[in-house]
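Descriptive structure summary
If you want the building blocks of each chain, they are given just below.
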Amino acid sequence: MDIDFKKGQGLVPVVIQDHLTLKVLMLGYMNEEALTKTKAEGKVTFYSRTKERLWTKGETSGNFLMVKEIMIDCDRDTLLIKAEPCGPVCHTGAATCFKEENDDKLYFVNYLKDIIRDRKNSDSDQSYTKSLFEKGINKVAQKVGEEAVELVIEAKDNNDDLFRGEAADLLFHYLVLLEAKNIDLNEVLAELIARHKK
């Protein structure tokens with residue numbers, strides 16, 4: 001990474017984002033040494049301007065930020081780190097330093113889509129997902145139908161745990177079907193958005 005540390009007198013701002021929810025968790029600063037340590041250990045380490053030393057987030061609380069991806073902006077003077085938080089991020093005990101909740105799991109669907117695509121394209125994968133693709137589109141479509149029927153049956157009863165389980169099964173197999181058809185979920189959402197505008 002060709003980062004311009006000189007522009008900020010040796011420091012660059014670092015935006016920390018939850019890799020699943022995409023919620024902005026906090027802002028910190030890194031020097032070259034902090035970035036090197038972050039890459040080596042897989043835990044976000046900042047340069048603390050108040051302590052004037054390296055500071056690994058979670059070093060006292062245990063609420064580490066586990067690095068998933070590091071990105072640099074177009075001016076090469078700001079970093080975006082997508083991370084998995086191991087507990088509350090803010091020193092106040094809040095989920096984020098901006099007093100926002102961080103429990104929206106909707107973006108997990110994007111993560112799951114990527115896993116499904118990876119398993120579809122893997123030559124060595126022996127997963128259930130891969131086996132569905134190998135059975136062909138008819139079997140995948142049939143499985144979606146079966147899961148939809150099971151969800152309807154559970155909807156008529158009063159067991160919310162079973163209903164949630166069947167809803168999860170249906171959503172998963174629906175995503176597999178979309179991938180089998182080479183149609184991205186965003187295309188389906190675009191269709192819904194277009195209908196909403198009418």
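Look above for the structure.
In this report, the structure presented in the accompanying data block is examined. Per chain, the residues get numbers from 1 upward, laid out in the order the sequence is written. In keeping with the model being predicted, local features are shown solely for residues with a pLDDT of at least 70 and side-chain atom pairs are shown and tallied solely at 80 or more, while totals for entire chains, interfaces and linings include all residues. Hydrogen atoms and water are omitted, and side-chain values are computed over all heavy atoms in the structure.

1. A word on the pairing of strand β1 (residues 12–18)
Each residue is placed in one exposure class: buried if its accessible area under a 1.4 Å probe, protein chains only, is under 20% of its type's maximum, exposed if it is over 50%, and partly exposed if it falls in between. Helical segments are the DSSP runs of H or I of at least four residues, strand segments are the runs of E of at least two, and each set is numbered from the N terminus. With respect to burial, β1 is a largely interior element, 5 of its 7 residues being buried. Should DSSP find at least two bridges between two strands, the strands are regarded as paired. As paired strands, β1 and strand β2 (residues 24–30) are joined by 6 bridges and run antiparallel to one another. What sits directly across from Pro 13, in β2, is Tyr 29. Linking β1 back to β2 in an antiparallel pair, the connection comprises 5 residues, with Leu 22 at a positive phi of about 65°. Relative to strand β6 (residues 79–85), β1 is paired through 5 bridges, and the arrangement is parallel. Note on β6: the bridge partner recorded for Val 14 is Leu 79.

2. Digging into the nonpolar core
With 18 residues, the main nonpolar core has Ile 16, Met 30, Leu 65, Leu 79 and Ile 81 as its most contacted residues. What makes two residues a contact is simply this: any of their non-hydrogen atoms within 4.5 Å. Not counting residues up to four positions away in its chain, the partners in contact with Leu 79 are Met 1, Ile 3, Val 12, Pro 13, Val 14, Val 15, Met 30, Leu 35, Ile 70, Met 71 and Ile 72. If you look at the next biggest cluster of nonpolar residues, it comprises 15 residues, including Leu 132, Val 144, Leu 175 and Leu 177. By nonpolar core is meant a set of buried Ala, Val, Leu, Ile, Met, Phe, Trp, Tyr and Cys residues that side-chain atoms within 4.5 Å join together.

3. Looking at helix α3 (residues 128–135)
Three- or four-residue spacings in an α-helix give side chains the same orientation, since the helix completes a turn every 3.6 residues. All buried positions along α3 are accounted for by Thr 129, Lys 130, Leu 132 and Phe 133. One side of α3 carries all its buried residues, which in axial view fall inside an arc of 155°. Of the exposed residues in α3, those oriented more than 90 degrees away from the buried face are Glu 134 and Lys 135. Among the residues trailing α3, Gly 136 stands out with phi positive, at a value near 100°. To be clear, the arc concerns the directions from the helix axis to the C-beta atoms.

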